[in-house]
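Given next are the chains, with one letter for each unit.
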Amino acid sequence: MDRELIDCIDAGTEYCPCHLAEAGECILCSQLHGKCFCDCLNWKGVCIYQEFNNNGKVAKKGRETFRCKVKEVEHLEGDVLLIRFIAPHKLALDLVHPGSYVFIRTDENFYFDVPISIMESDIESDIVSIMIEIRGIKTKKLLDIKVDDEMVIRGPYWNGVFGLKSVNELKDNKALIIARGIGMAPSIPVIRKLSNNKNTLKIVIDKSPYKDVYVNEYLKQYTEGYEEINTIDKGKLTDEIKKLIEDEIANGVTLIHVAGADILSFKVIEFLNSINKRDIKVSCCNNAKMCCGEGVCGSCTARFQGHRVKRLCKVQTDPRNIFEGRRFI
Ligand code: SF4
Ligand code: FES
């Protein structure tokens, strides 16, 4: 039986141990999960149990909020907004990694904070770019943001992508990136990481439901071009994308990154299984609905076989472990 490899995105960082350790619910440390022996799943260079004891058996200080000046606001089309803001240097450094996101405060009531993925964090100018799809009550408030306003940002958070281990470890290899809709934006840090690791990239963009590809400026830093393909039709992968996936695997691709809605990630994994390519690594967007981002509120939780509950704001794992064996009731 395969053992599921799970990780905690915050393990070993300045935010670990967190409130889950205080409650005996740590994702990694068996002793901070009610056991009396050490069964460390993922060594991150520090002992979480010892850190917890050294910290007086309380959680470390959580994420801070920052007031960041808005440098640029661009209304790309009806409900898509591009915002560039100036972040403190340390925050800009922390937001460079694939999967980084922040919460934007849109109201005095912090329950209304909106999680938004980072499209680019420029560590020389400290300018952070985000692309936002205006959809609900919380994001609608962002339409009022103007240049020189101050935005309140909470962060950094990092679990915006599942399968980060596969992305970070791929070197001198070949990867296929499939980005659809607003998924174009969070695919940029993944593309940057893969490109910096000297991988050859094939990039497919499905701009639907938008009129244009709004990440050209960012893409051209890392790749010479991309192909525009309709990836999904009536809830099914199109024949075009299926053929492209098969051709790219035959061409040596070993990792597929899917940046789009869950249905796209699920269908790609299902297709890989159907053609017996379970060995192809997959990474994808984490589309769980985040509220606290700290593993406490429960809004991001999903249930799996064996009555297991995963807090998707904290748990870092292979996308197959997220989409297979999930219970929807
Ligand atoms: S859940 Fe994660 S961040 Fe919290 S104590 Fe455990 S390893 Fe550290
Ligand atoms: S977002 Fe609150 S527990 Fe995950």
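Residues numbered from 1 in each chain as written. Chains lettered and ligands numbered in written order. Predicted model: local features only at pLDDT ≥ 70, side-chain atom pairs only at ≥ 80, totals over all residues. Heavy atoms only, no water.

A. Structural detail: the UniProt feature "domain: FAD-binding FR-type" (unreviewed entry) in the protein. Sites flagged by UniProt as "domain: FAD-binding FR-type" (unreviewed entry) map to residues 63–163. For the annotated span residues 63–163, helix accounts for 10% and strand for 50% of the residues, and the straight-line distance between the end C-alpha atoms is 23 Å. (UniProt positions renumbered as here; feature names shortened; annotations may be inferred. Helix = DSSP H or I, 4+ residues; strand = E, 2+ residues; numbered from the N terminus.)

B. Focus on the sheet that holds strand S16 (residues 281–285). In spatial order, the strands read S9-S16-S15-S10-S11-S12; together these six strands make up an open sheet with mixed pairing. Looking at the sheet topology across the chains shown, the edges are occupied by strand S9 (161–162) and strand S12 (227–228). Helix H6 (residues 184–196) rests against S9, strand S10 (174–180), strand S11 (200–206), strand S15 (255–259) and S16 of the sheet, and its axis sits at about 170° to S10. The strands that helix H8 (residues 239–250) touches are S10, S11, S12 and S15; relative to S10, the one it contacts most, it runs at about 165°. (Pairing = 2+ DSSP bridges. Contact = heavy atoms within 4.5 Å. Axes fitted to C-alpha atoms, helices over the stretch in contact; angles between N-to-C directions.)

C. Quick peek at helix H9 (residues 262–274). Spanning 13 residues, H9 covers 18 Å between terminal C-alpha atoms, matching the ideal 18 Å at 1.5 Å per step. Among all positions of H9, only Leu264, Ser265, Lys267, Val268, Ile269, Phe271, Leu272 and Asn273 are buried. Where H9 ends, the next residue or the one after it, Asn276, has phi of about 60°, a positive value. (Expected span 1.5 Å × (residues − 1). Buried < 20%, exposed > 50% of the residue type's maximum accessible area, 1.4 Å probe, protein only.)

D. Local environment of H6. The terminal C-alpha atoms of H6 lie 18 Å apart, and with 13 residues this matches the ideal 18 Å at 1.5 Å per residue to within 8%. When we look at burial in H6, the residues that qualify are Met184, Ala185, Pro186, Ser187, Ile188, Pro189, Val190, Ile191 and Leu194. After H6 finishes, the residue Lys198 shows a positive phi value of roughly 60°.

E. Up close: unusual backbone geometry. Going from Cys16 to Pro17, the amide bond is cis rather than trans, its omega being 5°. One can find Pro17 in the loop between strand S1 (6–8) and helix H1 (19–22). The omega torsion across Gly155 and Pro156 is 5°, close enough to zero to call that bond cis. Position of Pro156 among the secondary structure elements: in strand S8 (residues 150–157). With phi around 60°, Asp126 is a residue other than glycine that occupies positive phi space. In this structure, Asp126 sits in the loop between strand S6 (120–122) and strand S7 (127–133). Its identity as a non-glycine residue notwithstanding, Asp172 has a phi of 45°, on the positive side. Among the secondary structure elements, Asp172 is positioned in the loop between helix H5 (164–169) and S10. The exposure class of Asp172 is exposed, given its relative accessible area of 60%.

F. Geometry of the packing of aromatic side chains. Scanning all chains against the criterion turns up six aromatic pairs. Measuring from ring centre to ring centre gives 5.4 Å for Tyr101 and Tyr157, while their planes differ by 25°; the resulting arrangement is stacked. Of this pair, Tyr101 sits in strand S4 (residues 101–105) while Tyr157 sits in strand S8, and the two are 56 residues apart along the sequence. Where Phe266 meets Phe323, the ring centres are 6.5 Å apart and the plane angle is 55°; that geometry is what we call tilted. You can see Phe266 sitting in helix H9 and its partner Phe323 sitting in helix H10 (residues 319–323), a full 57 residues away along the chain. Judged by its relative accessible area of 11%, Phe323 is buried. Put simply, the rings of Tyr101, Phe103 and Tyr157 touch in pairs and so form one group of aromatic residues. The positively charged end of Arg63 is found above the aromatic ring belonging to Tyr15, 4.1 Å away from the centroid. One Lys or Arg, Arg154, reaches over the ring of Phe103 and ends 4.2 Å from the middle of that ring. (Phe/Tyr/Trp six-rings, centres within 6.5 Å; stacked < 30°, edge-to-face > 60°. Lys NZ or Arg CZ within 6 Å of the ring centre and 35° of its normal.)

G. Expanded view of the sheet that holds S8. Taken together, seven strands build an open sheet; the order of strands is S5-S4-S8-S2-S3-S7-S6 and the sheet is antiparallel. Edge positions in the open sheet fall to strand S5 (114–117) and S6, since each of these has one partner strand only. For this sheet the average axis-to-axis angle between neighbouring strands, irrespective of direction, equals 35°. Relative to S7, strand S3 (residues 80–86) runs antiparallel, the two sharing seven bridges.

H. Geometry of a nonpolar patch on the surface. A surface patch of nonpolar side chains, amounting to about 340 Å² of accessible area, comprises Phe110, Tyr111 and Phe112. Among the secondary structure elements, Tyr111 is positioned in the loop between S4 and S5. Judged by its relative accessible area of 56%, Tyr111 is exposed. (Patch = residues over 30% accessible without salt bridge, like charges linked within 9 Å, V, L, I, M, F, W, Y side chains within 5 Å. Areas by Shrake-Rupley, 256 points an atom, 1.4 Å probe, with all protein chains shown as cover. Salt bridge = Lys/Arg side-chain N within 4 Å of Asp/Glu carboxyl O.)

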